[in-house]
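What the coordinates show
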Protein chains: 2
Amino acid sequence: MEYTIGEIAKKFNLTISQIRFYDKEGLLPEIKRVNGIRKFTDSDIETIFLIECLKKADLQLKDIKQFIEWTKEGDSSIEKRLNFFLMQREKTKAKIAAMKKALCMVEYKCWYYETAQKLGSVKALEAKKEKLTPKKIKSLLKKAHKK
Amino acid sequence: MEYTIGEIAKKFNLTISQIRFYDKEGLLPEIKRVNGIRKFTDSDIETIFLIECLKKADLQLKDIKQFIEWTKEGDSSIEKRLNFFLMQREKTKAKIAAMKKALCMVEYKCWYYETAQKLGSVKALEAKKEKLTPKKIKSLLKKAHKK
DNA sequence: TATTGACCTAAAGTTAAGTTTAGGTTATAT
DNA sequence: ATATAACCTAAACTTAACTTTAGGTCAATA
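Residues take numbers from 1 onward in each chain, read along the sequence in its written order. As a convention, the first chain written is A and the first ligand written is 1, with the rest following in written order. It should be noted that, the model being predicted, local features are given only for residues of pLDDT at least 70 and side-chain atom pairs only at 80 or more, the latter also being counted only at that level, while totals for whole chains, interfaces and linings use all residues. Calculated side-chain values reflect all of the structure's heavy atoms, with hydrogen atoms and water omitted.

Another aspect to go through is the overall build of chain A. Helical segments are the DSSP runs of H or I of at least four residues, strand segments are the runs of E of at least two, and each set is numbered from the N terminus. What chain A contains, in helices and strands, is 7 helices and 2 strands. The secondary structure elements of chain A, listed N-terminal to C-terminal, are α-α-β-β-α-α-α-α-α. With C-alpha atoms as the basis for the radius of gyration, the globule rule is written as 2.2 Å multiplied by the number of residues raised to the power 0.38. Computed over its C-alpha atoms, the radius of gyration of chain A comes to 24 Å, more than 25% above the 15 Å expected for a compact globule of 147 residues. Summarising its shape, the C-alpha atoms of chain A cover approximately 70 × 35 × 20 Å along the three principal directions. Per-residue accessibility, obtained with a 1.4 Å probe over protein chains only, is compared with the maximum for each type, and a residue is labelled buried under 20%, exposed over 50%, and partly exposed between these values. Taken across its 147 residues, chain A has 40% of its residues classed as buried. Contact definition: two residues touch when any of their heavy atoms are within 4.5 Å. Restricting the contact set of chain A to residue pairs at least 6 apart, pairs at least 24 apart contribute 47%. Each accessible area is a Shrake-Rupley result for a 1.4 Å probe, and residues are judged covered by the shown protein chains and nothing else. Roughly 8,900 Å² of accessible area belongs to chain A as shown, and the carbon and sulfur atoms make up 52% of that amount.

This is the structure in structure tokens:
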């Protein structure tokens, strides 16, 4: 099957100009053209799916582009591609871990303002904070402070 | 205790201009000045710690600023602040979940190129892919495809 | 036949989160 | 007394990832 840029945009919930931008940047190297109009194949769809996935894994477009260029080089770049993803795996894991830690602070703030609301003021909460703070929240805070 | 901007930068592993930038943007509203020179107190340090935490939780500076402004308004903004963090908690959780799913794709790619390397070529891998792909990886891929 | 809708390009503009530059003050060490 | 280090501002520049604008082609529909 072949698809137009508008169909692809809908499928992936991207804007048309985003897809043109990826194309211009060299992330979609193999797109067919008929009378100048882009025709996307299933293999292009796979590429776009991968791009969206890697973006969510916190990769930059220039790095995704690098990978795509290595792919075009064939088997000689297998090791580069492997190392690329091994490194990226650690980066993404680290980022997730950091976000989880930061989430603790957000959860603490939820507790903080829920309690302040119940007590009627921040001052009232601050006065009783030591006693009121649940152990769970205290350990969350410790987590957020840890490097 | 009071600290200079240089000391704070080291403490938080930020650049001096980053801290000046936060100040300029209104994220550090209460900094003392002596002869024009910023003097940071423990309460400023708490604010910076919070900013860094919220940044890691994927908040934008303008949202952090909004929160800081609400803080200055006093108890009348408790509900706004609570709703702010309740919403943010969901956003951050969603982001973590999306990253975890995207990580599956990165892990698949690690497996893919490890195996291609062992077999000597991508072609050899593609030929045997169906048989070789471990169940674990297959379910990872499913995860990555799922919305 | 004319106009509407989907496509195209190139180039300029936008936003976030800084960095860099250029020029200036102040405190301390030699 | 001078030079160095640490601070200051304002304004211009940077980068990533787009979006917007302006102008143009082409096919189908009223």
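Turning our attention to the pattern of salt bridges. Residues and elements named next belong to chain A. Any Lys or Arg side-chain nitrogen located within 4 Å of an Asp or Glu carboxyl oxygen qualifies as a salt bridge. Considering all chains together, one arrives at 18 salt bridges over all chains under this definition. Where Glu73 meets Lys80, a salt bridge forms, and the shortest distance between an N and an O atom there is 4.0 Å. Classification of Glu73 by relative accessible area gives partly exposed; the value is 46%. Linked by salt bridges that have partners in common, Asp23, Arg33 and Arg38 make up one network.

Let us now look at the relation of the copies chain A and chain B. Mapping chain A onto chain B calls for a rotation angle of 180 degrees and an axial translation of 0.0 Å; the resulting RMSD is 0.0 Å. The two molecules are tied by a two-fold rotation axis, judged by turn and shift. Closest approach to the rotation axis among the C-alpha atoms of chain A is made by A:Ile96, whose C-alpha sits 3.1 Å away. Of all interface residues in chain A, 100% are interface residues in chain B too; the two copies therefore contact each other through one and the same surface. To superpose the copies, least squares is applied to the C-alpha atoms of every residue with a pLDDT of at least 70 in both.

Attention now moves to the interface of chain A and chain B. Contacts between the two partners involve 40 residues from chain A, matched on the other side by 40 residues from chain B. Roughly 3,800 Å² of surface becomes buried between chain A and chain B when both sides are summed, with 79% attributable to carbon and sulfur atoms. Defined here as a combined quantity, buried area equals the accessible surface (1.4 Å probe) lost by two parts on assembly, summed across both. The largest share of the area that chain A buries against chain B comes from A:Leu82, A:Met99 and A:Tyr113, three residues that together contribute 17% of it. For the pair chain A and chain B, the number of links is 0 salt bridges. In the analysis that follows, any N or O atom pair within 3.5 Å is treated as a polar contact, provided that within protein one partner can donate a hydrogen and the other can accept it, and provided that, for residues neighboring in sequence, both atoms belong to side chains. Counting the contacts that link chain A with chain B gives 4 residue pairs in polar contact (both at pLDDT 80 or more). Secondary-structure elements contributing two or more residues to the side of chain A that touches chain B are helix H3 (42-56), helix H4 (61-73), helix H5 (78-119) and helix H7 (135-145) of chain A. The element that contributes the greatest number of residues to the side of chain A that touches chain B is H5(A), accounting for 25 residues.

What surrounds DNA strand D is a group of 18 residues, the closest being A:Thr15, B:Thr4, B:Arg20, B:Arg33 and B:Arg38. Within the side chain of A:Thr15, an N or O atom sits 2.7 Å from a phosphate oxygen of DNA strand D. Between DNA strand D and B:Arg20 there is a distance of 3.0 Å, counted from a phosphate oxygen to a side-chain nitrogen or oxygen. Those elements that provide at least two residues to the surface near DNA strand D are helix H2 (16-24) and H4 of chain A together with helix H1 (5-12), helix H2 (16-24) and strand S2 (37-39) of chain B. Sorting elements by how many residues they give to the surface near DNA strand D places H2(A) first, with 4 residues. Note on residue categories: nonpolar means Ala, Val, Leu, Ile, Met, Phe, Trp, Tyr, Cys or Pro, charged means Asp, Glu, Lys or Arg, and polar means any other residue, Gly included. Looking at the surface near DNA strand D residue by residue, the classes come out as 6 nonpolar, 7 polar and 5 charged. A molecule or strand has a residue near it when one of that residue's heavy atoms lies within 4 Å.

Another point: the domain arrangement of chain A. Boundary definitions for the domains trace back to an automatic or database domain assignment. Per the domain assignment, the segments making up chain A are domain 1 (1-72) and domain 2 (93-147). When each unit is reduced to the centre of its C-alpha atoms, the spacing between domain 1 of chain A and domain 2 of chain A is 42 Å.

Looking now at the protein's contact with DNA strand C. For DNA strand C, the set of nearby residues contains 19 residues, the closest of which are A:Thr4, A:Arg33, A:Arg38, B:Thr15 and B:Gln18. In DNA strand C, atoms within 4 Å of the protein come 82% from sugar and phosphate. B:Ser17 has a polar side-chain atom sitting 3.4 Å from a phosphate oxygen of DNA strand C. Here the surface near DNA strand C gets 4 residues from one element, more than from any other, and that element is H2(B).

Our next topic: the environment of B:Ile96. Its place among the elements puts B:Ile96 in helix H5 (residues 78-119). Sequence separation of B:Ile96 and B:Leu50 is 46 residues, and the distance between their C-alpha atoms is 19 Å. Ignoring anything within four residues of it in the chain, the contact list for B:Ile96 reads A:Ile96, A:Met99, A:Lys100 and A:Leu103.

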